[in-house]
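The chain contents come next:
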Amino acid sequence: MTGAQVDRTESVESGGSGSAADRCRAWLLDGLSEQSARHPGPHATPNPEHEGHRWWRVMCLTGVDYFSTLGYQPGIAALAAGLLSPLATVVLIGLTLLGALPVYRRVAHESPHGEGSIAMLERLLPWWSGKIFVLVLLGFAATDFMITVTLSAADAAAHVVENPFAPGWMHGESTWITLVLVGLLGAVFLKGFREAIGIAVVLVGVYLTLNLVVLAVSAWEVLSHPVKIGDWTDAMTAAHSSPLAMVGVALLVFPKLALGMSGFETGVAVMPQVKGDPTDTWAKPTGRIRETRKLLTTAAVIMSGFLLLSSLATTILIPQSAFRTGGPANGRALAYLAHEHLGQVFGTFYDISTIAILWFAGASALAGLLNLVPRYLPRYGMAPEWTRAVRPLVLVFMVAAVLITLWFHASVDAQSGAYATGVLVLMLSAAFASTVTVHKRGHRRATLGFGTITAVFAYTLVANVIERPDGIKIAGIFIVLILVTSFGSRVHRAFELRAAEVTFDDTAARFIDEAARSGPLRLIANEPQEHSSREYRAKEYSQREHTHIPDGGPVLFVEVIVRDSSDFTADIAVHGDKKYGVRRLRVEGPTVPNSIAAVLLALRDRTGQVPHAYFDWTEGNPVSHLIRFLVFGDGEVAPVTREVLRRAEPDRHRRPRVHVG
């Protein structure tokens, strides 16, 4: 139990008495535990007894993020590609159905418990390189989710301001309206955000139905006035010399439309909510994978159809000048058509629906971020203790959202580059991870396909970053903050016990029980490399001479093998064996001193006697040894073991003894 948990528990047990600061601290850290990061929001991991939901219901949960981009995507496409917006959208749809969809179907197969593409790369990259790469990806993921919050709120504010029934004093005040929406979102999460699949189903159903009505009416308007199609094609022909030139321009500008592919990472993040087959197991959730693939495919097909139709309707029916900053269709192209062709009452109803789904998309993104960050950082030892609680993280993310909103002046167009950067980096990482995975399994055709998709995403990302570098700037800020706080926390927590569980095999248990009959256990710490009988005897003789081990008393050698020093916590298994007449306890752990400390405490609890551990001094610079401990898990073992024991066991009489000779 952490200190924060102790303080909170004591406050509760005392009936909530104490200073206002204590009550505020207890409220902020409410639910502080290993599982508190699983926020009860749209992306929360269900309880074991939770059977999940049908895939189409969970698709609506993903849809509040994915489908809500219809609120601003057609306007952004018109600004980016102009009259060629439908052609650029066709390229985007091709990349969605032939690129992003196959990649995330593979991701769903490889990480069926909602870990996403980041976990795939974590498994592919060993040691510290994997951890650092995950931290960098978390920076881009934070960019994606945070810009989802701010961009969605900004577009919702645009729908509020441009509505004809909006009071006059609201015009030109998009920034503060956006900040109010962001604040309301934070307030909901601070109070407690419950799982809301039912709300998502209603919002997505109503929103898609209204969009279908708008597009149907727009199609009738176009077909009733075919001259408008001629005007559009004539304008394209006048602006571009040939159809080949049009295709070339569409290929060049489509990276600006990349945020139309957002939502795939969310789709795999919600996998734990999908109901699978009764025969599914944790190791083989075949039904859940199949149903999630249905979810991803159906969402991609629906969204592709809406993107193409909306792009055609808005390009043909709306003057290009209306898409510019300050124009009536800027950030709200379909809403413009709803008001123009279906009247102000229907248009207002459409605005309300759009505002609701955009605001809920921010809630879904924030819930995803609250799940994602604590999923990795506490496990790495790279997060302060309070990041396991929801409310402090919400406050941090809300401050970031306010700063981003002010930086971009609540502009949808200005934030689209940063949003696309976060989306594309995650998609590129997913495509790369899929390529490496199938390559390792010897699937040549799949490797070629995923490799091609990876190259396309890489080009799209580079083109987007060159055109709009704001995304890299925002992601860079998040990456630096994550790296600095993560490694600072890792250093601060390096002297924790860091052992989830200590177990002894039968041989080790027999050695321990037999040695304990002669009194407190005596353990000699030794390097794990294989030694000769003479070296073991010399080591034992040296320790008996310099640290006064009682003559004739049995000793056990303890040897720690470090497999991956970048891990923070691990289950420790102690294996006993006998070699050269020496009884050894061989341990695998992330670090030498923390593992020895955990074993000593477990031996104390098993035997009821305080054990003694005997070490040699390590020669060399103490600073270099400290660095070796932090990076490689060894270094100056004796004093670090002593410090870990001191922090883990405050009672000096129950603390295992450390002797150095």
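Now for a quick tour of the structure. Predicted model, so just to flag it, every value in this text is computed and none were measured. (Residues numbered from 1 in each chain as written. Predicted model: local features only at pLDDT ≥ 70, side-chain atom pairs only at ≥ 80, totals over all residues. Heavy atoms only, no water.)

Here we look at the pattern of salt bridges
- As enumerated under the stated definition, the model contains 26 salt bridges in all.
- One salt bridge in this structure joins R606 and D513, with 3.2 Å as the shortest N-O distance. With R606 in helix α21 (residues 592-607) and D513 in helix α19 (residues 506-516), the pair connects residues that are 93 residues apart, well separated along the chain.
- For D513, a relative accessible area of 34% corresponds to the partly exposed category.
- Among the salt bridges present, the one from E540 reaches R537, with a minimum N-O distance of 3.5 Å. Of the two residues, E540 and R537 both sit in helix α20 (residues 533-547), 3 residues apart, roughly one turn of that helix. (Salt bridge = Lys/Arg side-chain N within 4 Å of Asp/Glu carboxyl O. Helix = DSSP H or I, 4+ residues; strand = E, 2+ residues; numbered from the N terminus. Buried < 20%, exposed > 50% of the residue type's maximum accessible area, 1.4 Å probe, protein only.)

Quick word on the nonpolar core
- Formed by 153 residues in total, the largest nonpolar core has its most connected members in Y104, L138, M261, F264 and F457.
- If you tally residues by element for this core, the top one is helix α14 (residues 333-380), at 23 residues.
- In this view, M261 contacts Y66, L92, L95, T96, A100, V423, L424, M427 and F457; residues no more than four positions away in its chain are not counted.
- In this structure, F504, I596, A602 and A638 belong to the second largest nonpolar core, which totals 35 residues. (Core = buried A, V, L, I, M, F, W, Y, C linked by side-chain atoms within 4.5 Å. Contact = heavy atoms within 4.5 Å.)

Concerning the packing of aromatic side chains
- Here the structure, examined in full by the defined rule, presents 11 aromatic pairs.
- The interplanar angle of 35° and the centroid separation of 6.3 Å between the aromatic rings of W128 and F487 together place this pair among those described as tilted. Remark: F487 occurs in helix α18 (residues 470-492) and W128 occurs in helix α7 (residues 127-162); sequence separation between them is 359 residues.
- Under the relative-accessibility criterion, W128 is labelled buried at 10%.
- On the basis of relative accessibility, which here comes to 31%, the residue F487 falls in the partly exposed class.
- Ring plane angle 40° and centroid distance 6.1 Å describe the contact between Y536 and Y580, whose orientation is recorded as tilted. Note that Y536 is positioned in helix α20 and Y580 in the loop between β4 (570-579) and β5 (582-589), a separation of 44 residues in sequence.
- A relative accessible area of 38% means that Y580 is categorised as partly exposed.
- By way of ring pairs, the aromatic residues Y66, F67, Y104 and F264 are connected into one cluster.
- The ring of W56 has R57 lying over it, and the distance from NZ or CZ to the ring centre is 5.8 Å. (Phe/Tyr/Trp six-rings, centres within 6.5 Å; stacked < 30°, edge-to-face > 60°. Lys NZ or Arg CZ within 6 Å of the ring centre and 35° of its normal.)

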